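Working through the structure, step by step
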Protein chains: 2
Amino acid sequence: MSNQKVTILENILSANDQLAEKNRFLLDKFNIFSLNIMASPGAGKTSVILKTIEALKSTTRIGVIEGDTAAVTIDADKVTAGGAYAVQINTGGNCHLDSSMIEAGLNQLPLESLDLVIIENVGNLVCPAAFELGTNTRVLIASIPEGDDKPYKYPGMYRGVDVLILNKTDLKPYVPFDVNYFRKGVTLLNPGVKIFPLSCITGEGFKPWIEWIKIHLKK
Amino acid sequence: MSNQKVTILENILSANDQLAEKNRFLLDKFNIFSLNIMASPGAGKTSVILKTIEALKSTTRIGVIEGDTAAVTIDADKVTAGGAYAVQINTGGNCHLDSSMIEAGLNQLPLESLDLVIIENVGNLVCPAAFELGTNTRVLIASIPEGDDKPYKYPGMYRGVDVLILNKTDLKPYVPFDVNYFRKGVTLLNPGVKIFPLSCITGEGFKPWIEWIKIHLKK
């Protein structure tokens, strides 16, 4: 890249980080626990979010910010129907959410009435990793049919997350997936990451994930 | 975006397009048919490429340019073992291939001895769509476990391709996937796209795809 391009990218990232801190301050002010959920398209972000809402909604007030590259409300409609507050963000073709979009999204949520904010990032294993949004926790959802080599191919994403959900464990009998090879790649990049293997279809493995969220709720 | 950023992005895309024409000219000069294969991570790009090599290698000389965000040679090694020439391109964290990377890749292939060049783009349903590489055909691989709503969520990618492979049809019994809803979204965006449903595991549906390539080979 030319120096000009590098400088502009650095400026964008630095402005983003400053705004992320502002978002974090706002979430902390209202004692809200927050998750930035990232994954490749189709790994099951929306399914995990919907099942999480279902499991928590009797005790926890949840807001969801839905990021999409186009003006579709498919996920936001599902989330609203599922019993949470939802805000839809159209990135206008952009490949990731950034802090200014989250600032706009938080402004549309009733923060004083929420315990948990979940951000569903744009489906992408590359770009979202570079953009801090201000959440407490960065969550990556991988899925069995994606294949066991993804940590090796997308190290930037696997290196930067706090929690790794391995979704679609119900498909294990039908696809080649070497769990040891996958875990070896994950451990090399991110030895401390918390891993939750689960299935949104059977519900297997979901309980530890829900318990983990409950422990981290602030009120 | 600021005007400065917009101008730089336009300059990058325009320079990329010019170089794409140069790549196309080079491929045409050697009568090589070429494919730019795009997909989200884990849709099966490498599996489709390996099975395509297997089906064609007795009659067709194939070169593959493998794009990855990191310095891994997993796919290039598989392609070489499968009987094709392979060049590995590390994008250094970048989320897509561009024409200058392809120019460098083509320079490392024995073009005078090839009939078909396949480019495996970085796994990403957003960014690669904006970058012409100079190939004859743009191919998108979708997969059943990704879900039936992807055309609606990633219109930029679905709109811009010539061929759509719907992979992992063997998983249909195990996941919710409404083929009519998927096809409706595809048709709205890209009514003329050629669709090949297939499975790399069972081989079902692979023959029409191979026949389609054979028809388009130039020598």
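For the structure itself, consult the block above.
The structure contained in this document is the topic of the report that follows. Not measured: the values here are computed from a predicted model.

Strand pairing in a sheet relies on backbone hydrogen bonds. The paired strands run either parallel or antiparallel. Residue and element names in this part refer to chain A. On the basis of which strands lie adjacent, the open sheet formed by seven strands has the order β3-β2-β4-β1-β5-β6-β7 and parallel pairing. With partners counted over all chains shown, the strands left at the sheet margins are β3 (85–90) and β7 (194–197), one partner each. Strand-to-strand, the axes of this sheet are offset by a mean angle of 20°, without reference to chain direction. In the sheet, strand β1 (residues 33–39) pairs with strand β4 (residues 116–120) via five bridges, with the strands oriented parallel. Directly across from Leu-35, in β4, lies its bridge partner Ile-118. Each of β1, β2 (62–68), β4, β5 (137–143) and β6 (163–167) touches helix α2 (residues 45–56); the most contacted strand, β4, lies at about 165° to it.

Once chain A has been moved 0.0 Å along the axis and rotated by 180°, it coincides with chain B to within an RMSD of 0.0 Å. On this basis, the relationship between the two copies can be described by a two-fold rotation axis. The overlap is high: 100% of the interface residues of chain A also sit at the interface in chain B, so the same surface is used on both sides.

Turning next to the interface of chain A and chain B. In this assembly, 31 residues from chain A lie in contact with 31 residues from chain B. Contributions of two or more residues to the side of chain A that touches chain B are made by α1 (3–29), α5 (150–153) and α6 (155–159) of chain A. The dominant element in the side of chain A that touches chain B, judged by the number of residues it contributes, is α5 of chain A, at three residues.

Thresholds applied
- Residues numbered from 1 in each chain as written.
- Chains lettered and ligands numbered in written order.
- Predicted model: local features only at pLDDT ≥ 70, side-chain atom pairs only at ≥ 80, totals over all residues.
- Pairing = 2+ DSSP bridges.
- Helix = DSSP H or I, 4+ residues; strand = E, 2+ residues; numbered from the N terminus.
- Axes fitted to C-alpha atoms, helices over the stretch in contact; angles between N-to-C directions.
- Contact = placed C-beta atoms within 7 Å.
- Least-squares fit on C-alpha atoms with pLDDT ≥ 70 in both.

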